[in-house]
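Here is how the chains run, residue by residue.
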Amino acid sequence: MKMVLQYLKDYKKESILAPLFKMLEASFELFVPLVVAAIIDVGIAGLDRSYILKMGAVLVALALVGLICSVTAQYFSAKAAAGFATKLRHALFAHLQGLSFSQVDSIGTSTMITRMTSDINQVQSGVNMTLRLFLRSPIVVFGAMIMAFTVDVKAALIFVVAIPLLSLVVFGIMLVTIPLYKKVQQALDKVLGKTRENLTGVRVIRAFNQEEQETREFKERNEALTTIQKFVGKISAAMNPVTYVIVNGALIALIWTGALRVENGYISQGEVVALVNYMSQILIELVKLANLIILITKAVACANRIEAAFAIEPDMDIEAKGGKKVQEKEDIVVFDHVGLAYQGASEEAVSDISFTVKRGQTIGIIGGTGSGKSTIVNMIPRFYDATSGKVLIDGIDVKEYTIKELRQKIGMVLQKAVLFKGSIRENLKWGKEDATEEELMRALEISQAKEFVDTKEGGLDYRIEQGGKNLSGGQKQRLTIARAVVRDPEILILDDSASALDFATDAKLRQAIRGMKDKLTVFIVSQRASSIQYADQIIVMDDGKIVGIGKHNELLASCEVYKEIYDSQFRKEGEK
């Protein structure tokens, strides 16, 4: 919690002024019953209209001053809470961005979204209400009791009995409900997780006619959440009737005692009304305080979850000094006995990977599903760090580059074509912010995307919907390739990024990439033998190991795995 609250330090002034103005408001509120008592005892009893008007003006003045104090306090508390949440959200987002792909995979997208949204919102509400009420409520409770003793000691003894009873009920219920509210939050997480899964995978669910099963599972989780919310709600709901029974009993005792004290001439009628008002103030503030503590408890639970996210240390060093003078070498990429074990895995996904890539070569990587093809290329831009061996670029370990230096050299096209809401131009400029119109059009030509972009209304300014859902799979893939090409990288990695393209377009794309510039090094990861058969060097993967390296014809003769893949895709006529 302390770690999260450090983001409140820039709002020290607001954090002090908010409760101070609330204390002022509370102080003025404590004088209201005494003014009302004076109106009754002096103004009404003496039929003194001018006194009633004068004291009425005092009440209005107290109300106005209290209103000003309250609004000022709420302004400062809202400013502090909103600013705190903004800084916390920025810090958490930056921290999560610094985690490796392996850690992001382990944490889960839905969990990170919940921490960034629901949890931070809950902490923001907790900070806001704490600044507004944490000092105000105790001051009103104890202040009302003290003021009651100044009115009449004997009658005020009823407060001494009633307040502990009220506190016992209010805080007893609170202590019971706190752990239950934690369970509510956990159940809510499950509902949110299922909701996100269903909304993102809606096409798959419908394709396999799984709507009923998913609806049933969502209903079960939702009913579990509803059941525990109802249970904790019933316990919380008991607070009001029980407290009102105690308060009403105290009021009866107060009025009875007050009547006797008035009859014996110890106190006035107005003072009895003042005592009743003080009792009401205490009730209201105790209930507010209990609700505040429940809110704080929820906020603390959420803050601990946020803190747990901050506690995850990035498993790769992204603070490398960098800045080294890099000399271009003929051997641009070298894998030196590289192995990688994913987080939580008992064994390495790839092991003892060794090969050398000359500048300007085209490297094809092929193998069965799960053989480790993508794992290899993901280590070049350090999406994952090798757990053994070294990956070198221009003779320097990739871990010794800054992330910016390293990735500036590389154009990466991932398996899943991801586009962002905005224009085609805006999406392409992710590759190069200051790209000219000419550079953008050249990238579109190379990626074979220019033809369909020209047909879109607005061309480069055509608006892409979220996730690129107004484009076909092939169009999205070609635009992601254009985004990588516009960077004009030294190394271009195509990770199975042409799977939605027909063979003719795929061939044109490869030909255009070869003509991009001299000394461009290209990695093509593909399931298609046709996409990589003309590569300068083909790496064949099987079960996390290299089982063959060479040219197409060499591998057909020497590598059984490659031959099986090729034959399965290019069977001779008559073969079954």
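Calculation criteria
Residues numbered from 1 in each chain as written. Predicted model: local features only at pLDDT ≥ 70, side-chain atom pairs only at ≥ 80, totals over all residues. Heavy atoms only, no water. Pairing = 2+ DSSP bridges. Helix = DSSP H or I, 4+ residues; strand = E, 2+ residues; numbered from the N terminus. Patch = residues over 30% accessible without salt bridge, like charges linked within 9 Å, V, L, I, M, F, W, Y side chains within 5 Å. Areas by Shrake-Rupley, 256 points an atom, 1.4 Å probe, with all protein chains shown as cover. Salt bridge = Lys/Arg side-chain N within 4 Å of Asp/Glu carboxyl O. Lys, Arg positive; Asp, Glu negative; His and termini not counted. Charge placed at Lys NZ, Arg CZ, Asp CG, Glu CD. Buried < 20%, exposed > 50% of the residue type's maximum accessible area, 1.4 Å probe, protein only. Core = buried A, V, L, I, M, F, W, Y, C linked by side-chain atoms within 4.5 Å. Contact = heavy atoms within 4.5 Å. Axes fitted to C-alpha atoms, helices over the stretch in contact; angles between N-to-C directions. 1 Å grid on protein atoms, 1.4 Å probe; cavity = no way out; pocket = protein on both sides within 12 Å on 5 of 7 lines; lining within 4 Å. Points joined across faces, edges and corners; volume = space filled by probe spheres on them.

S.K.: Just to check I follow, could you spell out the sheet that holds strand β1 (residues 331-340) for this structure?
M.R.: Pairing between sheet strands relies on hydrogen bonds along the backbone, with the strands arranged either parallel or antiparallel. Taken in spatial order, the four strands make up an open sheet running β2-β1-β4-β5, and their pairing is antiparallel. Taken across any chain shown, the strands that pair with only one partner, and hence form the sheet edges, are β2 (350-358) and β5 (396-397). Relative to β5, strand β4 (residues 388-393) is paired through two bridges, and the arrangement is antiparallel. What sits directly across from L392, in β5, is D397.

S.K.: Looking at this structure, I do not really get a negative patch on the surface. What am I missing?
M.R.: Taken together, E347, E348, D352, D542, D543, E560 and E564 make up a surface patch of like negative charges. Assessed through its relative accessible area of 65%, D543 is described here as exposed.

S.K.: Honestly, the pattern of salt bridges in this entry has me stumped. Any pointers?
M.R.: Across all of its chains, the model carries 27 salt bridges by this definition. The shortest N-O distance in the salt bridge between E25 and K22 comes to 3.0 Å. Pair noted here: E25 and K22 are both in helix α2 (residues 12-44), with a separation of three residues, about one helical turn. Note on E25: relative accessible area 13%, which makes it buried. Judged by relative accessible area, K22 falls into the buried class, the value being 5%. Two residues, D385 and R382, come together in a salt bridge whose shortest N-O distance is 2.8 Å. Each member of the pair, D385 as well as R382, is classed as buried. Each of K22, E25, E29, R136, E285 and K288 takes part in salt bridges that share partners, so that together they form one network.

S.K.: Would you explain unusual backbone geometry in this entry?
M.R.: Apart from glycine, the bulk of residues carry a negative phi angle, and the bulk of peptide bonds sit in the trans form. One non-glycine residue with positive phi stands out, namely Q448, at about 65 degrees. Tracing the backbone through its elements, the reader meets Q448 in the loop between α15 (437-446) and α16 (450-455). Here D488, not a glycine, exhibits a phi torsion of approximately 55 degrees, which is positive.

S.K.: So what exactly am I meant to see when it comes to the nonpolar core here?
M.R.: When a protein is soluble and globular, its nonpolar side chains tend to lie buried together. Membership of the largest hydrophobic core comes to 49 residues, with the highest contact counts inside it found for F159, L254, L275, Y278, M279 and I282. When contributions to this core are tallied by element, the ones reaching two or more residues are α2, α6 (136-151), α7 (153-200), α9 (211-237), α10 (239-263) and α11 (269-310). At 17 residues, α7 tops the list of elements feeding residues into this core. Beyond its immediate chain neighbours, meaning those up to four positions away, I282 contacts V141, A144, M145, F159 and I163.

S.K.: Even after reading the chapter, I still don't get the sheet that holds strand β9 (residues 491-495), so can you show me in this structure?
M.R.: Here six strands make up an open sheet; going across it, the order is β6-β9-β10-β3-β11-β12 and the pairing mixed. For this open sheet the edge positions go to β6 (410-413) and β12 (545-550), each flanked by a neighbour on one side alone. When the angles between neighbouring strand axes are averaged without regard to direction, this sheet yields 15 degrees. Note: β6 against β9, four bridges, orientation parallel. Looking at the pairing, G411 lines up with L492 of β9. The sheet contacts of helix α17 (residues 473-485) involve β6 and β9, and relative to β6 the element is tilted by about 170 degrees. Where helix α21 (residues 560-569) meets the sheet, its contacts fall on β3 (362-367), β11 (537-542) and β12, and the angle it forms with β11 comes to roughly 95 degrees.

S.K.: Quick question: what am I supposed to make of empty space enclosed by the protein here?
M.R.: Over the atoms, a rolled probe matching the size of one water molecule traces out where space is still vacant. Following the criterion strictly, the structure yields four cavities of 30 Å³ or more and no others. If you trace the largest cavity, you find it lined by T362, R510, R514, I524, S531, I532, Q533, Y534 and A535. There is about 40 Å³ of room inside the second largest cavity. If you trace the second largest cavity, you find it lined by M379, Y384, D385, A386, G389, K390, V391, D397, V398 and K399. Looking at the lining of the second largest cavity, the element that brings in the most residues is β4, giving three residues.

S.K.: Which parts of the structure should I look at to understand a positive patch on the surface?
M.R.: Together, R203, R206, K421 and K469 make up a region of like positive charge exposed at the surface. The residue K421 is located in the loop between β6 and β7 (422-423) in this model.

Any functional reading would require information beyond the geometric quantities listed.
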